[in-house]
Amino acid sequence: MAKYLYLISYILDNQPGTCELRSDEEDLSREAARDYLQGLHRNEATSFTDVQVQRLEHEHQPGTSPGHYQQP
């Protein structure tokens, strides 16, 4: 299993999105994240903007989205 967990935030066709990526790489570049996103969205437009990568230090709770605030 990959050592590092990354949160990738992006905008695709004016809609915000996030995904997680596990990698053995200690640092994940925005270019590598963009390549990963293009692989995920092969059948959709590939006009990604505002791609941001954040390494997560802790696991999040299953069933929650780590990129957005969860109301109690």
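Scroll up to find the structure this text is about.
Since this is a predicted model, take the numbers as computed values, not measurements.

### Brief notes about the packing of aromatic side chains
- Evaluation of the coordinates by the stated rule reveals one aromatic pair.
- Ring centres of Tyr-10 and Phe-48 lie 5.6 Å apart, and the angle between their planes is 80°; on these two criteria the pair is classed as edge-to-face. Of the two residues, Tyr-10 sits in strand β1 (residues 4-12) while Phe-48 sits in strand β3 (residues 48-56), which places them 38 residues apart along the sequence. Judged on exposure class, the residue Tyr-10 and its partner Phe-48 are both buried.

### A few points about the environment of Glu-57
- Relative to the assigned elements, Glu-57 resides in the segment after β3.
- Under the relative-accessibility criterion, Glu-57 is labelled exposed at 58%.
- Spatially, the C-alpha atom of Glu-57 lies 8.1 Å from that of Tyr-4, the residues being 53 residues apart in sequence.

The rules behind these values
- Residues numbered from 1 in each chain as written.
- Predicted model: local features only at pLDDT ≥ 70, side-chain atom pairs only at ≥ 80, totals over all residues.
- Heavy atoms only, no water.
- Phe/Tyr/Trp six-rings, centres within 6.5 Å; stacked < 30°, edge-to-face > 60°.
- Helix = DSSP H or I, 4+ residues; strand = E, 2+ residues; numbered from the N terminus.
- Buried < 20%, exposed > 50% of the residue type's maximum accessible area, 1.4 Å probe, protein only.

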